[in-house]
Amino acid sequence: MAKAILGFIFVSFLFTGDSITNNVTCIGGTQNRVKNNNNANNRNITSRIGIKNTANKSQTHFIMSKRKAPSSENNPNHDFCDFLTELANYERNVNRNIYKYNAYRKAASSLAAHKTRVTSGKDARKLEGVGEKVAEKIDEYLKTGHLKKLDKIRENGTNDSINLLTRVSGIGPVKAKELVDAGITSLADLKKNSDKLTHHQLIGLKYFEDFEKRIPREEISQIETVIRDSVLEMDPKHLLTVCGSYRRGLPSSGDVDMLITHPDFTSSDKGKAGKAKAAKLLSAIVSLLEDKKLITETISHGDVKFMGACRVGEVTRRLDLRIVPYDQYHCATLYFTGSDMFNKEMRAHALQQGFTLNEYSLRPVGSTGVPGEALPVTSEQDIFEYIDYPYKSPEERSV
């Protein structure tokens, strides 16, 4: 049931959820969220600040590497996840079959999220994303301890080489195949042929062992604290959220992915002026973190995204910083928190309800199929309520 909510909210820092409990200042009035009705041809949302009533406008109706694989920690089905991940990598990197890659990946994610040991293919079929073919492979593995398909794949040295090279940050399947065809099949070969690599790939090679390691939750918390304290000391109006598996409460992550916004930068800032404003915000933060000796390498530095490396201990970690418009922040945190499968399910539900949802906005879709104006979103809960989807905390989204 729709309820009155506070208007624009200022929060000094967002951490592991969207419950606003600390440092909250209201800078707007109350507003009412009117839930969409179930008639797909007559959807409209009214009484939101800055949004006109649209009731009479029909057109606005409403490879995974080891660090990216499902975690084996506290996972009773980790051996199934391991071989499914290996099959997924093969399909993406060698066969370049994204359909099969996604199918194996979805099955692995479902098994990783399942709290009890799967005892048969029939048992596994009860899980979303596990089809007949995967179930057969689970039965074969349980019976023999291995898979004939993987045995055959592993016999081919080319496949192993391509899979290995794609684990180097910056090297994709096409580049890996190109390198293998040129006789470069190992990390040692890459080091001897560094002239064939881009700046990103050279950093990936330099820190290959470090980037392969999972990052313990406690270490990400240390990185987060350094960034948060530094940025908020510079300007307390910033909002920051570490997304991905860390925000979903998992014990380790593959990298650190942080979203940052500021009230001075919104989606209305377009063109060169908008890019310049975002670039200024990002550059100030990157320079600050370099001065703090947190950022140790720069892979790329654009207007809105920084890709690099950081270190608080002995191991160098991958770090991404992304500036997003203030009014798009909660759609962005929802998207980048994941999981991928959860996002797909939520986007599909949104479409069924007459909306289109992505990392930028939630928009009603009219009978003509044309999305309307972006709806005002002041929290992730807003998005769930708009599309009539049961709210899931970040910790409940690892599906």
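Above: the structure in question.
Keep in mind that this is a model prediction, so the values were computed, not measured.

Asks: Is there a simple way to think about the overall build of the protein in this case?
Replies: Scanning the protein from terminus to terminus reveals 16 helices and 13 strands. Taken over 399 residues, the protein has a buried fraction of 49%. On the protein, roughly 19200 Å² of surface is accessible, and the fraction owed to carbon and sulfur atoms is 50%.

Asks: What should I look at first to understand the pairing of strand E8 (residues 256-261) in this one?
Replies: Where a strand is regular, its side chains alternate between the two sheet faces. Across the 6 residues of E8, 6 count as buried, placing the element largely inside the fold. A two-sided burial pattern is seen for E8, the buried positions comprising Val256, Met258 and Ile260 on one face and Asp257, Leu259 and Thr261 on the other. Where strand E6 (residues 239-242) meets E8, 4 bridges bridge the pair, whose relative direction is antiparallel. Across the sheet, threonine 241 pairs through a bridge with leucine 259, a residue of E8. Alignment of E8 against strand E11 (residues 317-323), held across 5 bridges, turns out to be parallel. Looking across to E11, one finds that methionine 258 is bridged to leucine 321.

Asks: Teacher, can you tell me more about the packing of helix H2 (residues 98-113) against helix H15 (residues 340-352) here?
Replies: When two helices pack together, their arrangement is given by the angle between their axes and by how far apart the axes lie. Closest axis-to-axis distance for the H2/H15 pair is 10 Å, and the angle between their directions is 105 degrees. With respect to each other, H2 and H15 are oriented roughly perpendicular. On H15, the residues touching Asn102, Arg105, Lys106 and Ser109 of H2 are Asp340, Met341 and Lys344. When its residues are assigned to classes, the contact of H2 with H15 shows 1 nonpolar, 2 polar and 4 charged.

Asks: Please explain the sheet that holds strand E10 (residues 305-310) as it appears in this structure.
Replies: Where strands meet in a sheet, backbone hydrogen bonds hold them as pairs that are either parallel or antiparallel. One open sheet holds the 5 strands; their spatial order is E6-E8-E11-E10-E9, and the pairing between them is mixed. Looking at which strands have only one partner, the edges of the open sheet turn out to be E6 and strand E9 (295-301). Pairwise comparison of adjacent strand axes, ignoring direction, gives a mean angle of 25 degrees for this sheet. Pairing of E10 with E11 involves 6 bridges; the strand directions are antiparallel. Residue pairing across strands places alanine 309 opposite arginine 318, the latter belonging to E11. Its contacts with the sheet put helix H9 (residues 199-206) on E9 and E10, and the angle it makes with E9 is roughly 150 degrees.

Asks: Could you clarify how one ought to interpret helix H14 (residues 329-337) in this entry?
Replies: Think of an α-helix as turning once every 3.6 residues; residues three or four places apart then point the same way. The element H14 is extensively covered by neighbouring structure, given that 8 of its 9 residues are classed as buried. Turning to H14, its buried residues number three or more, namely Tyr329, His330, Cys331, Ala332, Thr333, Leu334, Phe336 and Thr337. Backbone geometry just after H14 places glycine 338 at a positive phi near 75 degrees.

What counts and how
- Residues numbered from 1 in each chain as written.
- Predicted model: local features only at pLDDT ≥ 70, side-chain atom pairs only at ≥ 80, totals over all residues.
- Heavy atoms only, no water.
- Helix = DSSP H or I, 4+ residues; strand = E, 2+ residues; numbered from the N terminus.
- Buried < 20%, exposed > 50% of the residue type's maximum accessible area, 1.4 Å probe, protein only.
- Areas by Shrake-Rupley, 256 points an atom, 1.4 Å probe, with all protein chains shown as cover.
- Pairing = 2+ DSSP bridges.
- Axes fitted to C-alpha atoms, helices over the stretch in contact; angles between N-to-C directions.
- Parallel < 35°, antiparallel > 145°, perpendicular 65-115°, else oblique.
- Contact = heavy atoms within 4.5 Å.
- Nonpolar A, V, L, I, M, F, W, Y, C, P; charged D, E, K, R; others polar.

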